[in-house]
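# Summary of the model geometry
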Amino acid sequence: MPRTYLARLLGLLLALSNQPAPAASTVTGSTTTPQTQAFISGSYKQILANNAKQPFLLAIWSINCVSCMKDMALLRDIHKQKPALKIILLAADDLSASAQIHGILEKLQLTGLENWVFADDNDRKLRFEIDPTWYGEIPRTYFFDAAQQRTGVSGVLPKAKYDAMIGKILN
């Protein structure tokens, strides 16, 4: 069976169970690496439901995006400064890139965050579910307040802009 078929099947089963995907892990030597969750149709609504009434960031990135690496390094620093702020990372790559995704997450020390990866062949549909006005440019960060009002911003943001946006969603 093709990998994409299996990924879709797994994602569909997880969606049908209406439960968050398990935080599976693989053991490599003495280290444990958290796995990304399969982002399929309906996953965005699941993320919103799982984070109701709390501010959070949804940062969308890709393994082939140099600007994303700069943005993610800044997100790592923000997470260290504000560990109570929920940050969710979504790789806009295919499940077949999981090894590369995990390597980047480990290198940038972001494996402790909630991580997702596109797991549907129709990435346009997934992008549309997230934001009908988003055309796929990355990095893309959404700032959600406790009422789930959101602001989406494309491109690498300076730390001052992150601080200002985070200040708005936390108040």
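Scroll up for the structure.
A brief look at the structure comes next. Worth saying up front: this structure is predicted, and the values here are computed from it rather than measured.

With that settled, consider the state of the cysteines. Overall, the coordinates contain 1 disulfide when judged by the stated rule. At a sulfur-sulfur separation of 2.4 Å, the disulfide partner of cysteine 65 is cysteine 68. Looking down the S-S bond of the cysteine 65 and cysteine 68 bridge, the torsion is 85°, so its handedness is right-handed. Both residues of the pair, cysteine 65 and cysteine 68, belong to the buried class.

We now examine the packing of aromatic side chains. Any pair of aromatic rings gets described here by the distance separating the centres and the angle formed by the planes. Throughout the structure, instances matching the rule amount to 5 aromatic pairs. Measuring from centroid to centroid gives 5.7 Å for phenylalanine 39 and phenylalanine 118, while their planes differ by 25°, and the two rings are stacked. Of this pair, phenylalanine 39 sits in strand 3 (residues 37-39) while phenylalanine 118 is found in strand 6 (residues 114-118), placing the two residues 79 residues apart along the sequence. The same class applies to phenylalanine 39 and to phenylalanine 118, which are both buried. Centre to centre, the rings of phenylalanine 56 and phenylalanine 144 are 4.3 Å apart; their planes meet at 5°, and the pair counts as stacked. Pair noted here: phenylalanine 56 is in strand 4 (residues 56-61) and phenylalanine 144 is in strand 7 (residues 140-144), with a separation of 88 residues, a long-range link.

With that settled, consider the sheet that holds strand 7. Pairing is mixed in the open sheet, where 6 strands are placed in the order 3-6-5-4-7-8. Two strands bound the open sheet, and with one partner strand each, they are strand 3 and strand 8 (150-154). Shown here is a sheet whose adjacent strand axes are inclined to one another by a mean of 25°, direction ignored.

In terms of nonpolar packing, the biggest core is built from 29 residues, with Leu57, Trp61, Met72, Leu89, Ile101, Phe143 and Tyr162 touching the most fellow members. For this core, the secondary structure elements donating two or more residues are strand 4, helix 3 (66-81), strand 5 (86-91), helix 4 (98-107) and helix 6 (159-170). Here the element with the most residues in this core is helix 3; it accounts for 5 residues. With residues up to four places along the chain from it excluded, the contact list for tryptophan 61 reads Cys68, Met69, Met72, Leu89, Leu90, Ala91, Ala92, Asp93, Ile101, Ile104, Leu105 and Ile138.

Rules of the game
- Residues numbered from 1 in each chain as written.
- Predicted model: local features only at pLDDT ≥ 70, side-chain atom pairs only at ≥ 80, totals over all residues.
- Heavy atoms only, no water.
- Disulfide = S-S within 2.5 Å.
- Buried < 20%, exposed > 50% of the residue type's maximum accessible area, 1.4 Å probe, protein only.
- Phe/Tyr/Trp six-rings, centres within 6.5 Å; stacked < 30°, edge-to-face > 60°.
- Helix = DSSP H or I, 4+ residues; strand = E, 2+ residues; numbered from the N terminus.
- Pairing = 2+ DSSP bridges.
- Axes fitted to C-alpha atoms, helices over the stretch in contact; angles between N-to-C directions.
- Core = buried A, V, L, I, M, F, W, Y, C linked by side-chain atoms within 4.5 Å.
- Contact = heavy atoms within 4.5 Å.

That is the geometry; function is a separate question.
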